[in-house]
Amino acid sequence: MKEGSRRKKLSQTGSSRLFRYLIPEEIASLLPQHGSSKELNLVRLGERNTETTPVDIKALFLGPKAENGELAEKMLLQVFRDYIFWRRNFHPEDMSAIQPEEQTSAEYQRLVARFQRELFMLLGELKADIPFYSPRYIGHMVADISLPAMVGYLATMLYNPNNVSWEASPITTLIEVEVGRELAKMLGFGNMPQELARTWGHITSGGTVGNLEALWVAKALKFLPIAVRFAAQELNVTGLTASRARIPLESMRAWDLVNLTPTETLDLKDQFIAAYTGAHPELEPQEAVAEAVQQLKAHNILTLGDQAFFSRLRGEDSLNTPVIFASQTMHYSLQKGAGLVGIGAGQVISIPVDKYYRMDRGLLRQALYEALEMQRPVIMVIGVVGSTEEGAVAPMYELVSLREEITEQGLSFFLHCDGAYGGYMAACFRKPSGELRSLAEMQKEYGGWPTSEVHQSFAALGAVDSITVDPHKLGYVPYPAGAVVFRDGRSKELVAQEAAYALGGRAGHPNEIHLGKFILEGSKPGAAAAAVFLSHRVVPPDQGGYGKLLGHTAKIARKFYHRLLLLAQSIQDDFIVTPLVLPDTNIVDYCFNLANNDRLDIMNRFSQRLYQELSIHPESPVQTRSFIVSHIEFSYANYNPEILKSFLEQKLGVKGDYFVSSKELKQRLSEGWVGCDDEIMVFRTTLMNLFTLEEAWGAKDYIDSFLEEIPGLLRKARAAL
Ligand SMILES: *Cc1c(COP(=O)(O)O)cnc(C)c1O
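Residues numbered from 1 in each chain as written. Predicted model: local features only at pLDDT ≥ 70, side-chain atom pairs only at ≥ 80, totals over all residues. Heavy atoms only, no water.

Details of the overall build of the chain
Move 1: Each helix and strand in the chain was counted, giving 27 helices and 15 strands.
Move 2: In summary, the chain has a C-alpha radius of gyration of 28 Å against a globular reference of 27 Å for 721 residues, a match within 12%.
Move 3: Seen through its principal axes, the chain has C-alpha atoms that stretch 85 × 80 × 55 Å.
Move 4: For the chain, the share of sequence-separated contacts (at least 6 apart) that also reach a separation of at least 24 residues comes to 74%.
Move 5: Here the chain displays about 32800 Å² of accessible surface, and carbon together with sulfur accounts for 53% of that area. (Helix = DSSP H or I, 4+ residues; strand = E, 2+ residues; numbered from the N terminus. Rg over C-alpha atoms; globule rule 2.2 N^0.38 Å. Contact = heavy atoms within 4.5 Å. Areas by Shrake-Rupley, 256 points an atom, 1.4 Å probe, with all protein chains shown as cover.)

Following this line, the structure appears as structure tokens:
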């Protein structure tokens, strides 16, 4: 076989095993062709990955007592030795830069000694850090990181690839694109490689940046049809039509243009480029496309800025201030992001939650019809899948059908799902083929979880426009690893930015993928992408892999919920404990009160005392805590007061009238009232640790051990009041 074709064959077979969703042509054109040792390496790596292995949780983590310490040590040593080999053999003819004699010099030794001393200091200090790995840590949305993620990260970090540009990360850029497609499949955007190639997903530093990017794209997309109209005028492109009704573009007012659907909008852009190219046969096609894109960009809201963009829309073309609708329990990154992209944090309208702490669909519907009536552009609607406080899942299927309904009436918007926390649970719902699993089968496997409502919401994710999902939360991957996935990959072009020095250019390879061109961030760790990649290879993001892990956590959460109810019965003479709701995912919220206390201020003070025993405290080392939980404060301003009042009255014996706004609280305090507060203190336990049901000691698992401590702590807190 000729050298060239042999290499090509190798890289295709090898890489098509390493990558499952990248299309062979994409890989063939991008995989570095230098030296065959690396390629062979990839071939071997890939071969083993085609098997499906049962997921044994016990082999997947270092273990609460580092039970798998030797295994991890062996692998890390392998990684490091292999890495040293790589350095030694890059131009073996080069001389050593550091000579053995130099390594014995006094200065050398002094530096090493200092390094050693400082390292021990750091290691010592770190012992005061939070033991996320322990089943005794049941607080925030973090648990142990998996071994594949840990080893994948550390191994790749040594190579220090920068995924901003292909030139600085030829392997990990491809890995990141592949991971984006795996996530797209897990979330329901498609099953086949060709379908997945039409999506666009990548790793971000976290959910905050994922959400920010979705806001950025949604804003650009919303106003794109207006840019097309101006660009078409400028370039004398006629005959464009938009929307299903095939209305001529010239005759559409700004209001109609901003209410094209996201797909119609992206189609219109393509139509414009094709029309311009068609009208200019004298130009090279590439040149014509570049000119059309250039012109579009000149009229884009991100180029002009809001001031210049909106000031051109006059008379019946003028637009009202655009808004975003999101649930009351949205993550604060959405307000941050809306401010940052110039939509305005104040234009993010919060829709109250229902009694399950999910966005109230009736109220959303009402808000949307009001926007239609007032002709107020809606840039985006955001449903949270796995709310940060409650783990609640927004009724995504209702959001999808509501959008269909109101699009018919002339109002359209970009639909985003903030699944930073709960998004990974989609793995439970998908067969390895990508097909949706049935509700009955899932409930049987996961102890009654999920409810039909939650099942329908996950099933509907494939119809939204973008989803944020954090591997560094339910993916058990180290920080920083968030992700955002767009259903229509064309979205990324709307925010594309050229940079002369790094992102391709004329000298570059024609097919190079430069992530930096299409994303918000610049330099970013290829190690993060590799950590997610290796995790997915060992534990696939479907029913057989992550589905097993996360379904187990949902089961644990239900057990916690039910045992909390049992505890409530056993302490009812002195204390009240009550869960907020049956969890949609794996977070349980609960409240405590003294029996026969109807004052909210006292309930909160009592809860704070108790919380001090169950949280990190600057004065007492973490080792003195038997369990660590987290808490949230439900404020009058940010929650649906009616729902919380009835919760207080029915479940906690507190007078609902004592729950008031901050303003009212000040007023009442000045009048000498007692009993009131503007917040409700809620305990929050995230049940992510997969060893929670293991025996802690004396044949009790960690939930039992935790609940057994509670009565004593309650008495202590009462005594301290
Ligand atoms: C955690 C979280 C975020 C933010 O993600 P980071 O990774 O912390 O930036 C956004 N939305 C939701 C629902 C979250 O739970």
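Quick word on the UniProt feature "modified residue: N6-(pyridoxal phosphate)lysine" (unreviewed entry) in the chain
Move 1: The positions that UniProt labels "modified residue: N6-(pyridoxal phosphate)lysine" (unreviewed entry) are, in the present scheme, Lys473.
Move 2: Checked against the element boundaries, Lys473 lands in helix 20 (residues 471-474).
Move 3: In this structure, Lys473 is in contact with Met141, Ala420, Tyr421 and Met688, ignoring residues within four places of it in sequence. (UniProt positions renumbered as here; feature names shortened; annotations may be inferred.)

Comments concerning the UniProt feature "domain: L-tyrosine decarboxylase C-terminal" (unreviewed entry) in the chain
Move 1: Residues given the UniProt feature "domain: L-tyrosine decarboxylase C-terminal" (unreviewed entry) here are residues 557-659.
Move 2: End C-alpha atoms of residues 557-659 are separated by 29 Å, and the span's content is 39% helix alongside 18% strand.

Topic: the site of the ligand
Move 1: Around the ligand sit 16 residues in total, of which Thr208, Asp418, Asp470, His472 and Lys473 are the nearest.
Move 2: A distance of 2.7 Å separates an oxygen atom of the ligand from a polar side-chain atom of Asp470.
Move 3: Relative to its free-state accessible area of 380 Å², the ligand is covered by the protein chains to the extent of 87%.
Move 4: Partitioning the shell around the ligand into residue classes produces four nonpolar, nine polar and three charged. (Near = heavy atom within 4 Å. Polar contact = N/O pair within 3.5 Å; in protein donor to acceptor, adjacent residues only side chain to side chain. Nonpolar A, V, L, I, M, F, W, Y, C, P; charged D, E, K, R; others polar.)

A look at a nonpolar patch on the surface
Move 1: Side chains of Phe115, Leu119, Phe120, Leu122, Leu123 and Leu126 sit close together on the surface and give an oily, nonpolar patch of about 580 Å² of accessible area.
Move 2: Along the chain, the position of Phe120 falls in helix 5 (residues 106-126). (Patch = residues over 30% accessible without salt bridge, like charges linked within 9 Å, V, L, I, M, F, W, Y side chains within 5 Å. Salt bridge = Lys/Arg side-chain N within 4 Å of Asp/Glu carboxyl O.)

Re the packing of helix 23 (residues 546-570) against helix 27 (residues 702-719)
Move 1: Their axes nearest at 10 Å, the elements helix 23 and helix 27 cross at an angle of 30 degrees. Judged on the interaxial angle alone, helix 27 and helix 23 are roughly parallel. As helix 23 runs across helix 27, the sense of the crossing is right-handed. Residue-level inspection shows Ile556, Lys559, Phe560, Arg563, Leu564 and Leu567 of helix 23 in contact with helix 27, the latter providing Ile703, Asp704, Phe706, Leu707, Ile710 and Pro711. (Axes fitted to C-alpha atoms, helices over the stretch in contact; angles between N-to-C directions. Parallel < 35°, antiparallel > 145°, perpendicular 65-115°, else oblique. Left-handed = near helix turned anticlockwise from the far one by under 90°.)

Here we look at the pattern of salt bridges
Move 1: Applying the stated criterion across every chain yields a total of 30 salt bridges.
Move 2: Among the ionic pairs, Asp306 bridges to Lys219, the shortest N-O distance being 2.7 Å. Remark: Lys219 occurs in helix 9 (residues 207-222) and Asp306 occurs in helix 14 (residues 301-311); sequence separation between them is 87 residues.
Move 3: Here Asp270 and Arg490 are joined by a salt bridge, their closest N and O atoms 2.6 Å apart. Taken together, the positions of Asp270 in helix 12 (residues 262-279) and Arg490 in the loop between strand 9 (482-486) and helix 21 (515-518) put the pair 220 residues apart, joining distant regions of the chain.
Move 4: One network of salt bridges, with partners in common, ties together Asp354, Arg358, Arg361, Glu398, Glu453 and Asp584.

Concerning the sheet that holds strand 10 (residues 575-579)
Move 1: Taken together, the four strands give an open sheet; going across it, the order is 10-11-13-12, and neighbouring strands pair in antiparallel fashion. This sheet does not close on itself; its edge strands, each paired only once, are strand 10 and strand 12 (630-635). Averaged over all neighbouring strand pairs, the angle between strand axes comes to 35 degrees, with direction disregarded.
Move 2: With six bridges joining them, strand 12 and strand 13 (residues 679-686) adopt antiparallel strand pairing. Directly across from His631, in strand 13, lies its bridge partner Phe683.
Move 3: Across the sheet, helix 25 (residues 641-652) is in contact with strand 10, strand 11 (587-594), strand 12 and strand 13; its angle to strand 10 comes to roughly 130 degrees. (Pairing = 2+ DSSP bridges.)

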